Structure formats: structure tokens, C-alpha cells
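# Overview (structure and organization)
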Amino acid sequence: MATKLASEPSERPARRTVESVVIRFAGDSGDGMQITGTQFTQSTALMGNDLATFPDFPAEIRAPVGTTYGVSAFQINFASYDIMTPGDAPDVLVAMNPAALKVHLKDVRKGGTLILNTGAFNDRNFQKAGYKANPLEDGSLGGFRVLPIDVSKLTLNAVEKTGLSQKDALRCKNFWALGLMCWMYGRELQPTVEWINKRFEKRPELAAANLAALKAGHAYGETAELSGFESVEVPKARSSPGIYRAVTGTEAVAWGLVCGAHKAGLKLFFGSYPITPASSLLHTLANLKQYGVTTFQAEDEIAAVCSSIGASYAGQIGVTSSSGPGVALKTEAIGLAFATELPLIIVNSQRGGPSTGLPTKTEQSDLYQAVFGRNADTPVPVIASSTPGDCFYVGVEAVRLATKYMTPVILLTDGYLANAAEPWLIPNVDDIEPFPVSFDIDPEGFHPFRRDETTLGRNWATPGMPGLMHRIGGIEKDYNSGHISYESNNHHHMTKVRAAKVNGIANDIPLQKVASGTERGKLAVVGWGSTFGAINQAVARSRARGLDVSHIQIRHIWPLPRNLGALLEGYDKIIVPEMNNGQLVTLLRAQYLVPAEGINQISGLPFKVADLEAEISARLEK
């Protein structure tokens, strides 16, 4: 059966109101889908909707044009109520070529809308995408509302007077599509207009062309008379009073680290080496020099972490970042920071592995590496952020723990959190309790491993202080003097003390609470990191159906909260959804001997709420 295309109605349908919409923009990696999605997100945030986004792009810098390998996508879920995920299935797919349709059609909900750029639907592109026939004609799009629009031609017409070449003019088609979607969903154009003018300030001809395309797409929506081509309204979401902005996890981590450094009374040094998806943290912090931030792009991962250790030795808070492969290279230096007992923060934006793996896809497979991945007995605190906004507070907490206990701290995010965005209530930083650092300035009885009796953290003396000359390094030191020691009993004692220091952090972190549900029951769903949103919504839906299920989200991965074992014992069954092959579940079984069961997804994509809801139902029906 041939695909049913939109037909001309006698009059335009009335504006329709819906509570939520999921839109996915998809095209070649050079089609500007990330820019389109980001600008639509900014407009949506200003409209007062709650939102969550999911950028998804290929690992290749530039895969062959028109192939499925080079498809880039950006998904946004926006609603009139609180949402925590980018949505399970798109209601609307904007596909700029056949390859984008081929890759993403399987995810679109039945009855969803397909906006297809027919200007790219030709035999050559069908062949590149793996189509044997035109999908507009072979019946494969039955069950969807199809809106075929020659976006390429309409873009060329819109920018004709700007004098651009055809190649450059076609690059404006993402803004034409953006203009159309802004009309369909009542988004304001002004934020994008301002962005274009600023972005192309030195190329006025490009600014003019992109603005013309944007406005032409918007005008097309106003004048087109296609069946089902309607303007949709999504009411504003209710929110707490305050100032909001859209924030990504990367931005929030950067601001949290800077805020933490200020609360400690320190300057921040960031030594890093580019790697996907951690590179954007370097880009963000490089623009914060006015807040006492120094950034250094080293020649490799080892130089990056060692420079940060040097900064900590000199009295700053040293920070480094990477993804799993880069953290592996930093491992020996992390052990050095542990042995010298200097504060150091390692931000790991996890990605698909092993080795190069899926560098642009998300995963949670570095928990083992974070908790256990160093030679000898080298325990370090590990904390994990759960949402883009939560990354700010985890950044502050990482600085607090590192400086109070004089230890490296690993902060886990992932590719999804790093790039995803959500509305964020900008906090009053004055409400965050300061934790100022006290440097040792007293030469009386000084040695570099003189410890605080409560925290077991050693004193921190900066170079150049009179009477405080000392030596630290990777070779074991004497507990009582700080001098080099090969004495066996001393090494045993130092190993035990350093472990006790890290384990004692359990007394300085909040008791584990239930994120939703009750403290006892039939089933607990335990999560960590970016699984928070999907678990939270799945548990909420299940509880609304009367199921006895609760949600526990763990922020402090090591040491674990001191009441967690007792809390887990209150449930008949425990499941642990993770984007790995079962790492937190192994840790929980080892620590508490609980019969936890892993729900593992290693696809490079976040969990879907519906899938977790089905897993919950299956466990409670047994």
C-alpha cells in the first residue's frame, strides 16, 4: 500500500493543546542538527516548559555524506509538567535525508509525524542509505503521518538574494527546518535571531542567509495548507519561583568545581587533554578565568594529571578530566596523589568501551575502574551525578571531600549527562556552606604527615614557607617523620591509616534515603548516575498502578552510605539497572550479600522508561 501523504484541507485545523512532545531532529553530521536542537531547546526553556534533551552524534569526524554512519540527531522532550528523560519515542521526526529516516524510523511512535526533506530523497541517497525503493512510495511509512517538504529547494529560494553559492545556501536548511518547528510549537524566534547575529557577526552575508531561511520556514508553517500541519501548544510547566536557565551537565560540573574552589578559598587549576566527551569541560572552564581558574591543555593525559598534582602541591585545587581510556593512562598518577595525600579531582565522562569503543555514545562502565582500578591498596572516594543540574552540587562536594580529607576524588558523569540539558534553578551560592582550607604555617613539630585526629587528613603546607621544607612522593614515608621508609610495619600502618581515612568519609556523607516510595517493601530499584530520570519515572508510573516498588539512587559510590546495607535488607527483591554489564550490582552483592539482580543495557543509549516499567512489573508478578 502506498504511503498516505498529507492532503489539502478546506481550512486550517485549530491550534491543539498537548501536555508533552518529543521531537527528534536528524540529518548528516554536517547538516547542523546539534545547532538546530540547541536553539530549539533555548527557545523552549524561555517559553517556560520543563525539558530534557539527548544529543546523539557519530564518532566519525565526517562520515560519507548520505550514509547511515554519518547521521547526527538531537532529541528534546518538553512538557507542561516535570519530566526527567528525553522521552522514549519521538512524536515527531524531522529527517533531512533518507539515511536519517532509515536510522531513526524504528524509534518513532506509531501514528507519529515524519517531516521529510524530499529534496534529498533521490536514487543516489536511497542507495547510500540502503533503501531498495523510495520509502515514500513503497508503503513502509504506513501508520505514520508523513509531511513531505522539499526543504532544500525552499531554502535555496529563501536565500537566493543573499548571493551565496548553492553549496553554502544549502547549509542554511537546518534553520529553515528550525523556523518551521518553531511555528508548529509556538516557539519564539528572537533567541535564535540573536544567536545568529552574534555567531556570524563577522560574516553578515551568512547571518542574512540563515535569518532568511529561519523566517522562511516559519512563514511556510503559517501559509502551508497540509492536512495535519497544525500549530501545537504545550502549556508552561509549574515551577518553583526563581531564575532558571537551560544547563548541560558539563556546564554544571564546571560551575560546581569553581564554586567549590571559592568555598574552599582556593584557586582552581585544570589540566586536561582533549577526549570525547570530556573535552567540553576544558572549553567551559577556559572561559572562567575571571573566577580564579587556570586551564592547561597538556601534550597527553599523563602530563595533564601530573600538572594538576603539581598545582595541588603548590596550594591550589588541582582538577583533571577524561573518559575511561584517558583515566586508564592517569592511573599511576592518581596513585601518586593518593600516596602524597594531595587533593585532586578526576572527572570521568564515561563513554562506550573498551578501548576506543563507542566514543560518542553513553555508558556507565567505569565504576570498577573508579573504585578498584589502581595498583596496590589505593581506595579513593567516588561520587556520581544523576542529572545535568545535579552535576553542580556534585562538583562542589568533590572539592569539599578532596580538601577536607586530602585525597583524590573521582567524579563520575557520562556522555549523556555531559551533553544533555535541562532547566536549572540557579542556586544562591551564599546558601552553600563554605569549607575554607587551613594551610599549615607552624614549623613547631612539623612533618608532612601530621594528621587531623578526626578526619585523618594530613596537614597541607605550601612550598616556600619558612621552616616547613618537606619532601613528598611516591616512595613510602615514615608515619612519624615523613622521611622515606622501607620498614615493613610502617608500610602496613600507613596503608591502614590511608584506608581508614577514606572509609571514614562514610561518616561525613548523608544517610541513604529513598528517592521515591517506602523504606521497606517488595521491590527496590537501585540506580546510580544518569539512570536516575528513567528509574524515577518508571517507579512513579508503577506506583500509580498500585505496585509496591521504591527507588534508591546512590550518589556516593565509595565509600557507600553507612546505612545502605540495612536499607536494602528491607526489600524482598532488588534490581539494579545499569548501562554496563553489572558493576554496581556486583559491588552491592559483595558488600552486603543481598540478592540484587542486574538489569543491564549496553547499547550506548539511555534506558527507556517503558522498558524499566516492564522490568518492574515482571519482578512483582513472579
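Up top is the structure.
Here is a short report on the structure shown in this document. Predicted, not measured: the structure shown is a model, and the values here were computed from it. (Residues numbered from 1 in each chain as written. Predicted model: local features only at pLDDT ≥ 70, side-chain atom pairs only at ≥ 80, totals over all residues. Heavy atoms only, no water.)

## Considering the overall build of the protein
Going by this rule: Only DSSP runs of H or I with at least four residues qualify as helices, and only runs of E with at least two residues qualify as strands; both kinds are numbered from the N terminus onward. We compute the radius of gyration from the C-alpha atoms alone; for a globule the expected value is 2.2 Å times N to the 0.38, where N is the number of residues. A contact between two residues is defined here by any heavy atoms of the two lying within 4.5 Å. All accessible-area figures derive from a Shrake-Rupley calculation using a 1.4 Å probe, and residue coverage is judged against the displayed protein chains alone.
When helices and strands are tallied, the protein shows 20 helices and 21 strands. Its C-alpha radius of gyration of 27 Å places the protein within 12% of the 25 Å reference for a compact globule of 622 residues. Principal axes of the C-alpha set define a box for the protein whose edges measure 90 × 65 × 50 Å. Long-range contacts, defined as pairs at least 24 residues apart, comprise 76% of the intrachain contacts of the protein with a sequence gap of at least 6. In the structure as shown, the protein presents an accessible area of about 26,500 Å², 52% of it carried by carbon and sulfur atoms.

## Notes on the pairing of strand 5 (residues 92-95)
Rule in force here: Relative accessibility thresholds used throughout: buried, under 20% of the residue-type maximum; exposed, over 50%; partly exposed, between the two (1.4 Å probe, protein chains only). By the convention used here, strands pair only if DSSP detects at least 2 bridges between them.
Burial along strand 5 is two-sided: Val92 and Val94 and Leu93 and Ala95, pointing in opposite directions, are all buried. Note that strand 2 (residues 20-28) and strand 5 share four bridges and pair parallel. Its bridge partner lying in strand 5, Phe25 is registered against Val94. As judged from the four bridges shared by strand 5 and strand 6 (residues 113-117), these two strands associate in the parallel manner. Paired with Val92 across the bridge in strand 6 is Thr113.

## Focus: the packing of aromatic side chains
Convention followed: Between the rings of Phe, Tyr and Trp (Trp by its six-membered ring), a pair exists once the centres lie within 6.5 Å; its type follows the angle of the planes, with under 30 degrees stacked, over 60 edge-to-face, and the other angles tilted.
A full pass over the atoms with the stated rule returns 14 aromatic pairs. Consider the rings of Phe78 and Tyr185, whose centres lie 5.9 Å apart with planes at 90 degrees: the pair is edge-to-face. Here Phe78, found in strand 4 (residues 71-79), pairs with Tyr185, found in the loop between helix 6 (173-184) and helix 7 (190-199); they are 107 residues apart in sequence, far enough to count as distant. Residue Phe78 is classed as buried on the basis of its relative accessible area of 0%. Ring centres of Trp195 and Phe200 lie 6.5 Å apart, and the angle between their planes is 90 degrees; on these two criteria the pair is classed as edge-to-face.

## Thoughts on the pattern of salt bridges
Side chains that carry opposite charge are capable of pairing whenever their charged atoms lie near each other. Put simply, the rule is: Whenever Lys or Arg places a side-chain nitrogen within 4 Å of a carboxyl oxygen from Asp or Glu, that contact is recorded as a salt bridge.
Taken as a whole and assessed by the stated rule, the structure comprises 20 salt bridges. Measuring nitrogen to oxygen at the nearest pair gives 2.3 Å for the salt bridge that ties Asp390 to Arg555. One end of the pair, Asp390, is in helix 14 (residues 390-405); the other, Arg555, is in the loop between strand 18 (549-554) and strand 19 (556-558), with 165 residues separating them in the sequence. Among the residues examined, Asp390 registers a relative accessible area of 12% and is labelled buried. For Arg555, a relative accessible area of 29% translates into the label partly exposed.

## Concerning the nonpolar core
Condition: We define the nonpolar core as a collection of buried residues of types Ala, Val, Leu, Ile, Met, Phe, Trp, Tyr and Cys that are connected through side-chain atoms lying within 4.5 Å of one another.
Counting residues in each nonpolar core, the largest one holds 84 residues, and the members touching the most others are Ile552 and Leu588. At nine residues, helix 14 tops the list of elements feeding residues into this core. Beyond its immediate stretch of four places on either side in the chain, Leu588 contacts Val526, Ile554, Leu560, Leu564, Leu568, Val576, Leu593 and Val594. One finds Phe40, Ile76, Val159 and Tyr185 within the second-largest nonpolar core, a separate group that totals 43 residues.

## Overview of the sheet that holds strand 12 (residues 317-322)
The condition is simple: Inter-axis angles, ranging from 0 to 180 degrees, are taken between N-to-C directions of lines fitted to C-alpha atoms, where helices are fitted over the stretch in contact.
Pairing is mixed across the open sheet formed by seven strands, whose spatial order is 11-10-12-13-15-14-19. Whereas interior strands pair on both sides, the edge strands pair on one side only; in this sheet they are strand 11 (293-297) and strand 19. Between one strand and the next, the sheet's axes are offset by a mean angle of 20 degrees, whatever the strand orientation. Summarising the sheet, strand 12 and strand 13 (residues 344-350) pair through five bridges and their orientation is parallel. Residue pairing for strand 13: Val319 is matched across the bridge by Ile345.

Limitation: the analysis is restricted to geometry and does not speak to function.
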